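# Inside the fold
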Amino acid sequence: MIVYIFMVEEESIEPCIKKMIQELSPNISYRVIIHDGKQDLEKSIPRKLRAFQNYDDVEYKFVILRDQDSSNCIALKQRLYKMCCDENKNDSIVRIVCNSLEGWFLGDLDAIALTFNVRVPSQKKKKFRNPDIITNPIKEIETITSEHYSKVSNARKISQNLDLERNVSNSFNVFKETIVSFNND
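One numbering rule holds for all chains: residues counted from 1, following each sequence as written. Local features are withheld for residues below a pLDDT of 70 in this predicted model, meaning they are given only at 70 or higher, and side-chain atom pairs are given and counted only at 80 or more; totals for whole chains, interfaces and linings count all residues. In computing side-chain values, all of the structure's heavy atoms are included and hydrogens and water are not.

A few words on the packing of helix α1 (residues 14-24) against helix α8 (residues 151-161). In this description, a line fitted to the C-alpha atoms serves as the axis of each element, helices being fitted only across the stretch in contact, and the angle between N-to-C directions of two axes falls anywhere from 0 to 180 degrees. Numbering of helices and strands runs from the N terminus, with a helix taken as a DSSP run of H or I at least four residues long and a strand as a DSSP run of E at least two residues long. Two numbers describe how α1 lies on α8: the axes approach to 8 Å, and their chain directions differ by 20°. It follows from the interaxial angle that α1 and α8 lie roughly parallel. Considering the relative orientation of α1 and α8, their crossing is right-handed. Of the residues in α8, those in contact with P15, C16 and K19 of α1 are A155, R156, S159 and Q160. Ten residue types, Ala, Val, Leu, Ile, Met, Phe, Trp, Tyr, Cys and Pro, are classed as nonpolar, four, Asp, Glu, Lys and Arg, as charged, and the remainder, Gly among them, as polar. The residue inventory of the contact of α1 with α8, partitioned by class, reads 3 nonpolar, 2 polar and 2 charged. Angles are sorted into four bins: roughly parallel if under 35 degrees, roughly antiparallel if over 145, roughly perpendicular if 65 to 115, and oblique for all others. In this scheme the crossing of two helices becomes right-handed for a clockwise turn of the near helix relative to the far one and left-handed for an anticlockwise turn of less than a right angle. The criterion used for residue contact is that any of the two residues' heavy atoms lie within 4.5 Å.

Strand-to-strand pairing in sheets goes through backbone hydrogen bonds, with the strands running parallel or antiparallel. By this definition, two strands are paired if DSSP reports at least two bridges between them. Strand order in this open sheet of 4 strands is β2-β1-β3-β4, and the pairing throughout is parallel. Both outer strands of the open sheet, β2 (29-34) and β4 (93-97), are each paired with one neighbouring strand and no more. Strand-to-strand twist of the sheet, defined as the mean angle between neighbouring strand axes without regard to direction, takes the value 20°. In the sheet, strand β1 (residues 2-8) pairs with strand β3 (residues 59-67) via 7 bridges, with the strands oriented parallel. Bridge pairing in β3 places Y4 opposite K61.

Moving on, we come to the confidence of the model for the protein. Residue-level confidence of the predictor, termed pLDDT, takes values from 0 up to 100. Looking at the protein, pLDDT values average 95 and 100% of them are 70 or higher. Looking across the protein, the model is least confident in helix α6 (residues 126-129), with a mean pLDDT of 94, and most confident in helix α5 (residues 109-116), with 98.

Here we come to unusual backbone geometry. At N88, a residue that is not glycine, the phi angle is positive and equals roughly 60°. Here N88 shows up in the loop between α3 (73-86) and β4. Taking the relative accessible area as the measure of exposure, N88 reaches 68% and is therefore exposed. One non-glycine residue, S146, lies in positive phi territory at about 60°. Mapped onto the fold, S146 is located in the loop between α7 (137-145) and α8. Only protein chains enter the accessibility calculation, which uses a 1.4 Å probe; a residue is then buried when its area is under 20% of its type maximum, exposed when over 50%, and partly exposed in between. The class for S146 is exposed, based on a relative accessible area of 66%.

Let us now look at the nonpolar core. One recurring pattern in soluble globular proteins is that nonpolar side chains are buried together. One finds F6, I17, W104, F105, I112 and F175 to be the most contacted residues of the largest nonpolar core, which totals 36 residues. The greatest single-element share of this core, amounting to 5 residues, is contributed by α1. Contacts of I17, omitting those with residues within four sequence positions, involve F6, V8, V32, L65 and F175. Put simply, a nonpolar core is a bunch of buried Ala, Val, Leu, Ile, Met, Phe, Trp, Tyr and Cys residues held in one set by side-chain atoms that sit within 4.5 Å of each other.

Quick look at the structure:
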């Protein structure tokens, strides 16, 4: 049996992961380990990789999921993957959320419209065709909704309304394909 261990930097992304698994790979076994920010996640990686040893009937596979924020995406991914390789977990998967989880939400403006009962700009508008490059997606959501954005509670609400096929965020779709690939393990 394979158990997927998702290591994430904060609680707000968990509802999105659960939604994707329920819709795309409902038969997998998994656990989400929530950390208290990027630094906590990165300090935890070597310890967790050592702690979860494979047993006769259980194989652990790790998925590290971290926001890009202002980091260089390629360098960040390489650094996190090297941490996994240093612990002999070369099969670990590292995915970077560009720029943050809220960028994924901006990739499905209809989910924001449903969640907040507001009119949203067209997804075809230049700014929203590639939401991964929006540098402050939380501010953008606040502008659209005219509400203060609460990371965890709003992430729970928006995640429920996400349409996994409609989302135009490239980093969202890369992560989605990762989840789908678990059906082949």
